[in-house]
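For reference, the chains in residue letters:
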Amino acid sequence: MKISSNLEILPPELSIIVPVFNEKGNIEKLIELVAATLTDVAWEIIFVDDDSPDGTANHVKAYAAKDRRVRCIRRVGRRGLSGATIEGMLSSSARYVAVMDGDLQHDERVLIKMLALIRSPSVDMVIATRERDGSSIPGLTGQRSFISNFGKLLSRLVIKTDVNDPMSGFFMVRREIVEEVAPKLATEGFKILADILASSSKKLSIRETPYVFRERHDGESKLDARVAFDYIGFLFHHLTGRLVPIRFFLFGLVGAFGVIVHLTALRFYLSIMPSWGFELSQTLATFTAMASNFILNNQLTYRDRRIKGLQLISGFLIFALSCSIGIIANIGIAQLIYSDGQVWWLAGLAGAITGSVFNYVTSGLFVWRKK
Ligand code: GDD
Ligand code: MN
């Protein structure tokens with residue numbers, strides 16, 4: 001029997017976690033390339049699919065039925081790169097876990113180098129760092145490259161270890177480290193490596209190995225400019241000692257923007273329709289701001305649970321109702337605190353926070369429900 005077939009029945013030393021969404025056209029090639037590279041290693045590859053409409057999960061399972069090194073986790077009713085990756089890592093019992101993209105942008109040959117480095121007991125994690133061509137990374141668009149550079153700079157606020165590419169989606173880590181930090185990790189968003197670095201209670205010993213970030217093989221990128229908002233939420237989450245959830249931060253950001261929308265709309269209605277009077281203009285401005293908040297929350301804060309079609313109408317009605325109750329709670333609390341002799345801004349702030357938390361909770365429960 002060849003060594004490689006022996007390795008196929010040994011428990012894996014390395015689990016490769018591949019989060020996938022609509023990557024059907026890349027699965028076969030990725031498995032082939034990984035198998036051709038890791039000939040002397042006991043490995044397994046775990047695809048974590050969020051119920052892709054293109055049938056990625058079925059496709060992977062057809063391979064898994066023929067090869068025990070291939071596994072598939074099909075998640076239903078959930079979306080998110082970080083959450084999928086965490087679940088994949090936690091399903092492993094190997095000594096090391098690697099995370100890589102399913103679109104062949106990550107050079108699988110680097111896995112060998114990463115494994116050689118992490119086998120040294122003094123190394124906790126190896127990050128594959130995208131090689132820069134001047135200051136940008138080939139394979140990343142200008143806008144994404146800017147976000148990546150800027151993000152790296154900001155990451156210094158919450159990540160104590162100095163790493164070159166904290167946004168990398170390609171790394172290898174001792175499984176025990178993942179087991180330790182897993183309960184602290186955020187499932188929303190895409191910044192899983194940065195989250196592990198910022199959440200680990202011990203200082204990790206890290207090695208970095210450069211590689212060339214390739215062009216995507218098939219399909220299209222799932223990440224867009226909105227990842228920048230997630231990232232700001234992520235930083236805030238860590239700066240508050242993980243007290244403020246990423247989603248609440250985004251909800252608050254949308255709410256703050258809503259105040260600007262409200263004032264702009266009020267000014268507009270007052271100037272174009274003076275005959276309406278203040279009260280009607282104020283009411284219309286309130287609805288305009290609610291509608292804008294609703295749309296932005298649907299696109300940004302809850303984009304992983306985005307509602308569509310007719311649901312938008314019922315969703316907006318429930319959202320408007322919850323905002324109205326939130327305003328009553330806001331005024332009630334502010335009044336109570338103010339009459340207790342507190343300064344106006346403290347009373348106002350307490351009211352605003354109460355109203356926002358109320359809106360946040362009811363929106364999550366009734367409008368953007370977990371499926
Ligand atoms: N299960 C699951 N659920 N997988 C997802 C989801 C999701 O919601 N969103 C994306 N993926 C998978 C994709 O199918 C792909 O295999 C991998 O995650 C990376 O997604 P891409 O859409 O290809 O990301 P990218 O190439 O634009 O971004 C790369 O650079 C980022 C930093 O700039 C990735 O390497 C990211 O991980 C990295 O953070
Ligand atoms: Mn990609």
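Here is what the cut-offs are and how they apply
Residues numbered from 1 in each chain as written. Chains lettered and ligands numbered in written order. Predicted model: local features only at pLDDT ≥ 70, side-chain atom pairs only at ≥ 80, totals over all residues. Heavy atoms only, no water. Axes fitted to C-alpha atoms, helices over the stretch in contact; angles between N-to-C directions. Helix = DSSP H or I, 4+ residues; strand = E, 2+ residues; numbered from the N terminus. Left-handed = near helix turned anticlockwise from the far one by under 90°. Contact = heavy atoms within 4.5 Å. Nonpolar A, V, L, I, M, F, W, Y, C, P; charged D, E, K, R; others polar. Donors = N, O, S within 2.8 Å, 3.2 Å for Na, K, Ca; no water. Buried < 20%, exposed > 50% of the residue type's maximum accessible area, 1.4 Å probe, protein only. Pairing = 2+ DSSP bridges. Salt bridge = Lys/Arg side-chain N within 4 Å of Asp/Glu carboxyl O. Near = heavy atom within 4 Å. Polar contact = N/O pair within 3.5 Å; in protein donor to acceptor, adjacent residues only side chain to side chain. Areas by Shrake-Rupley, 256 points an atom, 1.4 Å probe, with all protein chains shown as cover.

As for the packing of helix α10 (residues 246–272) against helix α13 (residues 344–367)
Moving on, step 1. Where α10 contacts α13, the axes come no closer than 11 Å and their chain directions differ by 115°. In terms of crossing hand, the pair formed by α10 and α13 is right-handed. Along the contact surface, α10 presents Arg247, Phe248 and Phe251, while α13 presents Ser356, Val357, Asn359, Tyr360 and Ser363.
Moving on, step 2. Taken together, the residues of the contact of α10 with α13 sort by class into 4 nonpolar, 3 polar and 1 charged.

A word on the coordination of the manganese ion (ligand 2)
Moving on, step 1. The protein atoms that coordinate the manganese ion (ligand 2) are Asp103 (OD) and Gln105 (OE1), at distances spanning 2.0 to 2.1 Å.
Moving on, step 2. The exposure class assigned to Asp103 is buried, which follows from its relative accessible area of 3%.

Comments concerning the sheet that holds strand β5 (residues 125–130)
Moving on, step 1. Taken together, 7 strands build an open sheet; the order of strands is β3-β2-β1-β4-β6-β5-β7 and the sheet is mixed. The open sheet terminates on both sides in strands that have one partner only, identified here as β3 (70–74) and β7 (206–211). Averaged over neighbouring strand pairs, the angle between their axes works out to 20° when direction is ignored.
Moving on, step 2. Alignment of β5 against β7, held across 6 bridges, turns out to be parallel.

Concerning the pattern of salt bridges
Two side chains bearing opposite charge may form a pair once their charged atoms approach each other closely.
Moving on, step 1. All chains considered together, the criterion is met by 21 salt bridges.
Moving on, step 2. When the shortest N-O distance is used, the salt bridge between Glu44 and Arg71 registers 3.2 Å. Separated by 27 residues along the polypeptide, Glu44 in strand β2 (residues 43–49) and Arg71 in strand β3 bring together distant segments of the chain.
Moving on, step 3. For Glu44, a relative accessible area of 7% puts it in the buried group.
Moving on, step 4. Of the residues examined, Arg71 reaches a relative accessible area of 29% and is grouped as partly exposed.
Moving on, step 5. What emerges from the salt-bridge pattern is a single network uniting Glu23, Asp103, Arg216 and Lys222.

Focus: the site of ligand 1
Moving on, step 1. Around ligand 1 sit 24 residues in total, of which Glu23, Arg79, Asp101, Ser221 and Lys222 are the nearest.
Moving on, step 2. Between ligand 1 and the protein, one listed contact pairs an oxygen atom with a side-chain N or O atom of Gln105 at 2.7 Å.
Moving on, step 3. One nitrogen or oxygen atom from the main chain of Lys222 is found 2.5 Å from an oxygen atom belonging to ligand 1.
Moving on, step 4. In isolation ligand 1 exposes 740 Å². Once the protein is present, 96% of that is buried.
Moving on, step 5. Within the residue set of the shell around ligand 1, elements represented by two or more residues are β1 (14–20) and α4 (81–90).

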